[in-house]
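Here is how the chains run, residue by residue.
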Amino acid sequence: MDAALGAPAKMADREGDLTPMMAQYFELCREYDDSLVLFQVGDFYEAFCEAAERVARLCEITLTKREDSTGEYAMAGIPIDNAESYIERLLEAGYRVAVADQVQDPDEVTGVVDRAVTRVVTPGTLTEDELLRSPDNNYVACLTATESDGGDSDGSTDRTDRTGPASAPGADENGPYGLALLDVSTGDCYATSAGRLDSIADELGRFAPAEAIVGPDAPVDVFDGDCMVSPYERTAFQTESARERVEAYFGDLGLADEAEVRACGALLAYAEYTRGGNPDAGDIGDDSTAAVAGPDGASAEGEPTAALDYINHLTRYDPREYMLLDRVALESLELFDRRAVHGHQGLTLVDALDETACALGRRKLNDWLRRPLLDEDRIAARHDAVAELTGDVTLRERLHELLDDVYDVERLVSRVARGRANARDLRSLHDTLAVVPDVEEALADAESKTLVELRENLDSLADVRDLIDRAVREDPAAELTEGGVVKPAFDDELGALRETEREGKAWIDDLEASERERTGIDSLKVGHNSVHGYYIEVTDPNLDSVPDDYTRRQTLKNAERFVTPELKEREDEIIRAEGRADDLEYELFCEVRRDVAEESERVQALAERLARLDVFVSFASVAAKFDYSRPEVGADGFDVEAGRHPVVERTEERFVPNDAHFDEQDFFAVITGPNMSGKSTYMRQVALIAVLAQAGSFVPAASARLPVVDRVFTRVGASDDIAGGRSTFMVEMTELADILQNATEDSLVLLDEVGRGTSTADGLAIARAVTEHVHEAVGATTLFATHHHELTAIADELPGVFNLHFETEREGDDVAFEHEVAPGAAAASYGIEVAKMAGVPADVVQRSRELLDESDAGAARGPAAETNGHDASESVRVSNTTDGAQNGDVLAGDDADSAADARLAEELEALDVATMTPLEAMNALAELKASLDE
Ligand code: ADP
């Protein structure tokens, strides 16, 4: 993003001559210099000068010119009515947008209208439904490091010295780190701390914040590319001001961890800053005075107050309380689209499990999958609820139907508290509350402790519902200031005003008849237009009959329009009553909204329970529909009968279930088999079953006894990521190092083709060493899919290691994958058949067979690479790019055909076909063919 977005230099030069409005604009640009300022002028948000050019380009709107005493400058305006769609484009282009609204009524001031920034729209602090799009949480994060006292931390401390200022065991030099996360649209707030940056990175993987602010000295490279990171005012991170702010919001939590306090406090300050510092500032005419905060987050009054009082509950957690699923695991297990807006279209785990009825449930489901439990009792309690609902289809369907009528009251109540809710929002809240008694009734016979407790704690907020029902019309206007919002019966004065209005209008309705009678003009009409108000219309031929008390108001082509003193008086009365009533409605509405805001916490508590219930119902529906069973969590090992992959089984016509048995005797499986035989799917399904079980769901298996898994590690060999284009071997080894350092015997480790990013010899050595280490030092349950058949021999050497393999069946020249796991190591490889399936041309496949047969004739063909050893693999390594020089090396020399054949045979022999991806096989075959042609 460009620096100094808003204050273009060329304007600053002529600042002395600026018009008052432009001076105001530039003042705001300076104050919000990290944002694009959109400046309200009537019905438009304008940008000027260079900012205008940018806005015009990004939003594809016309750039206009404007001239004043300082000369000509550019201007671009977006219509306020449709502002969100333009703001979205600016956000996508990486900007923050500061919206400066008119905070005075233009009719009531002479001179220039005051404007103030009422919100700074940033990717992580969105609250507008139009911008949020999906119901999923949208987090902004704040990361703090050890507070440095002045300058001594950067110069004198050796950053590589691990004995630096760290206090927690295992902490790195800038730890302990504090991390806070906030969803401004719902008020969900989390805080945690960790000694090591790795742990912070894992938590960021879990929450995938869209934006982050970082404190002094906090690292920025832990955030991924999807996260907008910005530094924030240093002062907001000072412990004392941060603590005051945290306490203003959450009360005294006795937060001892300073890094956490500073992260939380700064984040709250930032949230206030993005709301223009005052939740009500945006509503012109609202009686609250606009105390707009500056970017340092302190309110104008100085003392921090809970400006966003719907943020009232902080969840502090220790990452170790939940099954840890780091970024790599979340991605390779495909739990979520990491961010719905940019996400891909494939089915994710959360999609496969989402039968929730309302947005509250969908968010809760995400949360539970993101943070599977470790506590056996809590897990069992969730399973109890799911079991009861799985067994009772009537109850389940009834609850689903009721929850279908539940609005996103979390976001709704945050709008209420921010003074942004309209009358329709309140009616939606009312309708949601109206569902609660029915939910209670539906749950009347529930037996599981979880559901009983849930029912007993449902608060239907009858008082709030009643208030809304008495005050707000059933089908209210969208606008708040033009009437049609509050029921007349709600307030005596309002009732009287609306009665006056009604009587006046009734009198006017009768006027036509009475005037026709009085004047004898049958064609006389009474009407109304917005410019001239009420009138009596008489056509030209009848003008002679017009009485004396008629005053001319308007002349038309064939008629004249008149008023009478009485009509004028009635009209004024109606206008007065109407205007006053509209204003009064707005005032009353704001009062009601404030009263409802007072109950935010209760609404949030209710929302939480409805969300949980929705997830239970969803889990139960999925369990019933897809034949899941209740897992038993807390066993010593894995004992899964006929397990399935919850996502792949939805897309495969015929999914083959597989068992999984791991215990102290057999905890490390070396899995072999050709490509596409089902190894990865099998490993992932074991992990997903564990994740589902600990999240509280039933699992896709005939039966499952499972241990409590503390962490799932998944590492997929780098060469499988040809298309992804990541730097290969280094990534692989970094991830591997993480496992070796952090896995425990309660962890589940999935290694898929680790060691492929290097030569066969290296790869084998690394794979072997990893196996030994994980086996001896860690003792984690491990599934290791490998193409190194040599590794299968380890099963005989190391206790606890055993072989599994996937079979293929040859059908003539084809192979069919059975996808069935079996004990023991795979024997044959099927590379050529796989190449054929992948679409390699028939003549190439045919020639490969011939070559293979020739080479088989020479030497009995055993498991690949075994006979030829490592040097062959070294010299004829298959590379993804066609390396002409290498081919030349290999094939140059003898010109005799037989020698060439021998070379080819040797090359072919060295190919480890069992392990090649189809693409690699294709490349290798192409190379071979090319060398033949030579
Ligand atoms: P590998 O890891 O051995 O290369 P995968 O696990 O990626 O193989 O499986 C290849 C494809 O086979 C998957 O994309 C899936 O479509 C299908 N598959 C895998 N396991 C099964 C199964 N148990 N039943 C049916 N189809 C399966």
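Residues numbered from 1 in each chain as written. Predicted model: local features only at pLDDT ≥ 70, side-chain atom pairs only at ≥ 80, totals over all residues. Heavy atoms only, no water.

Regarding the sheet that holds strand β11 (residues 228-231)
And step 1. Pairing in this open sheet of six strands is mixed, and the strands run β11-β10-β7-β8-β9-β12 from one edge to the other. At either end of the open sheet lies a strand with only one pairing partner, and these are β11 and β12 (314-316). Taken pair by pair, the neighbouring strands of this sheet meet at an average axis angle of 20°, ignoring direction.
And step 2. When strand β7 (residues 140-144) meets strand β8 (residues 177-183), the two strands line up antiparallel, connected through five bridges. Across the sheet, the residue bridging to Ala141 is Leu181, located in β8. (Pairing = 2+ DSSP bridges. Helix = DSSP H or I, 4+ residues; strand = E, 2+ residues; numbered from the N terminus. Axes fitted to C-alpha atoms, helices over the stretch in contact; angles between N-to-C directions.)

A few points about a negative patch on the surface
And step 1. On the surface, Asp636, Asp663, Glu664, Asp666, Glu745 and Asp746 cluster together to form a negatively charged patch.
And step 2. With a relative accessible area of 32%, Asp666 lands in the partly exposed category. (Patch = residues over 30% accessible without salt bridge, like charges linked within 9 Å, V, L, I, M, F, W, Y side chains within 5 Å. Areas by Shrake-Rupley, 256 points an atom, 1.4 Å probe, with all protein chains shown as cover. Salt bridge = Lys/Arg side-chain N within 4 Å of Asp/Glu carboxyl O. Lys, Arg positive; Asp, Glu negative; His and termini not counted. Charge placed at Lys NZ, Arg CZ, Asp CG, Glu CD. Buried < 20%, exposed > 50% of the residue type's maximum accessible area, 1.4 Å probe, protein only.)

Observations regarding the site of the ligand
And step 1. Around the ligand there are 14 residues in total, and Glu652, Val656, Met676, Ser680 and Thr681 lie nearest to it.
And step 2. Met676 has a polar backbone atom sitting 2.7 Å from an oxygen atom of the ligand.
And step 3. Within the backbone of Ser677, one N or O atom sits 3.2 Å away from an oxygen atom of the ligand.
And step 4. Within the complex, 82% of the 560 Å² of free accessible area of the ligand lies under protein.
And step 5. Broken down by element, the shell around the ligand gets its largest block of residues, three residues, from helix α23 (residues 679-695).
And step 6. Residues that form the shell around the ligand fall into these classes: five nonpolar, six polar and three charged. (Near = heavy atom within 4 Å. Polar contact = N/O pair within 3.5 Å; in protein donor to acceptor, adjacent residues only side chain to side chain. Nonpolar A, V, L, I, M, F, W, Y, C, P; charged D, E, K, R; others polar.)

So, helix α2 (residues 20-31)
And step 1. Compared with the 16 Å implied by 1.5 Å per residue over twelve residues, the 17 Å span of α2 between its first and last C-alpha is a close match.
And step 2. Here α2 has its buried residues at Met21, Met22, Gln24, Tyr25, Phe26, Leu28 and Cys29. (Expected span 1.5 Å × (residues − 1).)

A look at the pattern of salt bridges
And step 1. Counted by the stated rule, this structure contains 55 salt bridges.
And step 2. Note that Asp34 and Arg96 form a salt bridge whose closest N and O atoms lie 3.9 Å from each other. Within this pair, whereas Asp34 is found in the loop between α2 and β1 (36-41), its partner Arg96 is found in the loop between α4 (83-92) and β5 (97-102), the two being separated by 62 residues in sequence.
And step 3. Classification of Arg96 as buried rests on a relative accessible area of 4%.
And step 4. Several salt bridges share partner residues, and in doing so they unite Arg473, Arg498, Glu501, Lys505, Glu578, Asp582 and Glu585 into one network.

A closer look at the sheet that holds strand β22 (residues 703-706)
And step 1. With respect to topology, four strands assemble into an open sheet ordered β18-β22-β19-β20, the strand pairing being mixed. The sheet terminates laterally at β18 (632-633) and β20 (658-662), the two strands that pair on one side only.
And step 2. Where β18 meets β22, two bridges bridge the pair, whose relative direction is parallel. Paired with Glu632 across the bridge in β22 is Arg705.

Details of the packing of aromatic side chains
And step 1. Across all of its chains, the model carries 23 aromatic pairs by this definition.
And step 2. Where Tyr25 meets Phe48, the ring centres are 4.8 Å apart and the plane angle is 80°; that geometry is what we call edge-to-face. Taken together, the residues span a long stretch of sequence, with Tyr25 in helix α2 and Phe48 in strand β2 (residues 44-48) at a distance of 23 residues. In this structure, Tyr25 and Phe48 share a single accessibility class: buried.
And step 3. For the ring pair Tyr32 and Tyr273, a centre distance of 5.5 Å and an interplane angle of 5° mean the geometry is stacked. Separated by 241 residues along the polypeptide, Tyr32 in the loop between α2 and β1 and Tyr273 in helix α9 (residues 258-274) bring together distant segments of the chain.
And step 4. Look at Tyr32 and you get buried, because its relative accessible area is 1%.
And step 5. A network of ring pairs unites the aromatic residues Tyr25, Phe26, Phe39, Phe48 and Tyr73 as a single cluster.
And step 6. The side chain of Arg650 reaches across the aromatic face of Phe626, ending 3.5 Å from its centre. (Phe/Tyr/Trp six-rings, centres within 6.5 Å; stacked < 30°, edge-to-face > 60°. Lys NZ or Arg CZ within 6 Å of the ring centre and 35° of its normal.)

Observations concerning the pairing of β2
And step 1. Taking burial as the measure, the five residues of β2 include four buried ones, the bulk of the element.
And step 2. Direction of pairing for β1 relative to β2: antiparallel, over a ladder of three bridges. Its bridge partner lying in β2, Val41 is registered against Phe44.

Looking at the pairing of strand β19 (residues 638-643)
Working note: regular strand, side chains alternate between the two faces of the sheet.
And step 1. Looking at chain direction, β19 and β20 are connected through four bridges and run antiparallel. Paired with Val640 across the strands is Ala660, a residue of β20.
And step 2. In the sheet, β19 pairs with β22 via three bridges, with the strands oriented antiparallel. Its bridge partner being in β22, Val640 is matched across the sheet by Ala704.

A few points about the side chain of His805
And step 1. Within the fold, His805 resides in strand β26 (residues 801-811).
And step 2. Within polar-contact distance, the side chain of His805 engages the backbone oxygen of Pro823 at 3.1 Å.

Observations concerning the state of the cysteines
In a disulfide, the sulfur atoms of two cysteines are covalently bonded to one another.
And step 1. Enumeration according to the criterion identifies zero disulfides in this entry.
And step 2. Just so you know, Cys264 is unpaired, no disulfide at all, and the nearest cysteine sulfur is the one on Cys189, 4.9 Å from it.
And step 3. Residue classification places Cys264 among the buried residues on the basis of a relative accessible area of 1%. (Disulfide = S-S within 2.5 Å.)

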